Amino acid sequence: MKTITKLIQITLLSMFFYSAGYARPPVIENRRWVLEKFRDPQTRKVLYPEEYHFLEFRNGQIEYTIDCNNCSRTYEFISKDSIDIYGPQVCTYKNCIEKDAMNITYSGTYKIWIEGSYLIIRTKAWDHIYK
């Protein structure tokens, strides 16, 4: 009887944390997201990047590009629509000939959600829209 009670408690606790949004959205992870555009959340103005930039969420690490270098940091979903990206930024140190007009790096807490086939990360100034 104690085993069944314990199993019920664990199941209910798991359901609470999942419904509260603390589980990682599996649709975001293990996929390469390519930056398609930036959108101003107030004016809806859209800018398109000239350079290639990607994000990948795998095993608690977010991988992304800066210029011709690949970088990574630790991330954790802190709610259904919030992500915390923290820790030291670890990058390759290639001597990139061409420098990107915008260096996109993440450090801190951001709103993140899926809208159709897009992944959107809201920063202080722009929504970064990945496909």
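You'll find the structure just up there.
### Structural notes on the pattern of salt bridges
(1) Moving on: In total, this model carries 6 salt bridges according to the counting rule given.
(2) Moving on: In this structure, the salt-bridge partner of arginine 122 is aspartate 127, at a minimum N-O distance of 2.6 Å.
(3) Moving on: Owing to a relative accessible area of 34%, arginine 122 belongs among the partly exposed residues under this scheme.
(4) Moving on: Residue aspartate 127 is classed as buried on the basis of its relative accessible area, which comes to 0%.

### Things to note about the nonpolar core
(1) Moving on: Counting 22 residues, the largest nonpolar core has Leu55, Phe57, Ile83, Tyr106, Ile112 and Tyr130 as the members making the most contacts within it.
(2) Moving on: Put simply, the parts of the chain that give this core at least two residues each are strand E1 (32-39), strand E3 (54-58), strand E4 (61-66), strand E5 (69-79), strand E6 (82-91), strand E7 (108-115) and strand E8 (118-122).
(3) Moving on: For leucine 55, the contacting residues outside a window of four places in its chain are Arg31, Arg32, Trp33, Ile62, Glu63, Tyr64, Tyr106, Ile121 and Tyr130.

### Here we look at the state of the cysteines
(1) Moving on: The final tally for this structure, using the stated rule, is 2 disulfides.
(2) Moving on: Bridging cysteine 68 to cysteine 96, the disulfide has an S-S length of 2.1 Å. In this structure, the disulfide formed by cysteine 68 and cysteine 96 twists by about -95° around the S-S bond and is classed as left-handed. One end of the pair, cysteine 68, is in the loop between E4 and E5; the other, cysteine 96, is in the loop between E6 and E7, and 28 residues separate them in sequence.
(3) Moving on: Through a disulfide, cysteine 71 is tied to cysteine 91; the S-S separation comes to 2.0 Å.

Thresholds, definitions, all that
Residues numbered from 1 in each chain as written. Predicted model: local features only at pLDDT ≥ 70, side-chain atom pairs only at ≥ 80, totals over all residues. Heavy atoms only, no water. Salt bridge = Lys/Arg side-chain N within 4 Å of Asp/Glu carboxyl O. Buried < 20%, exposed > 50% of the residue type's maximum accessible area, 1.4 Å probe, protein only. Core = buried A, V, L, I, M, F, W, Y, C linked by side-chain atoms within 4.5 Å. Helix = DSSP H or I, 4+ residues; strand = E, 2+ residues; numbered from the N terminus. Contact = heavy atoms within 4.5 Å. Disulfide = S-S within 2.5 Å.

Function-wise, these values are silent; they only describe arrangement.
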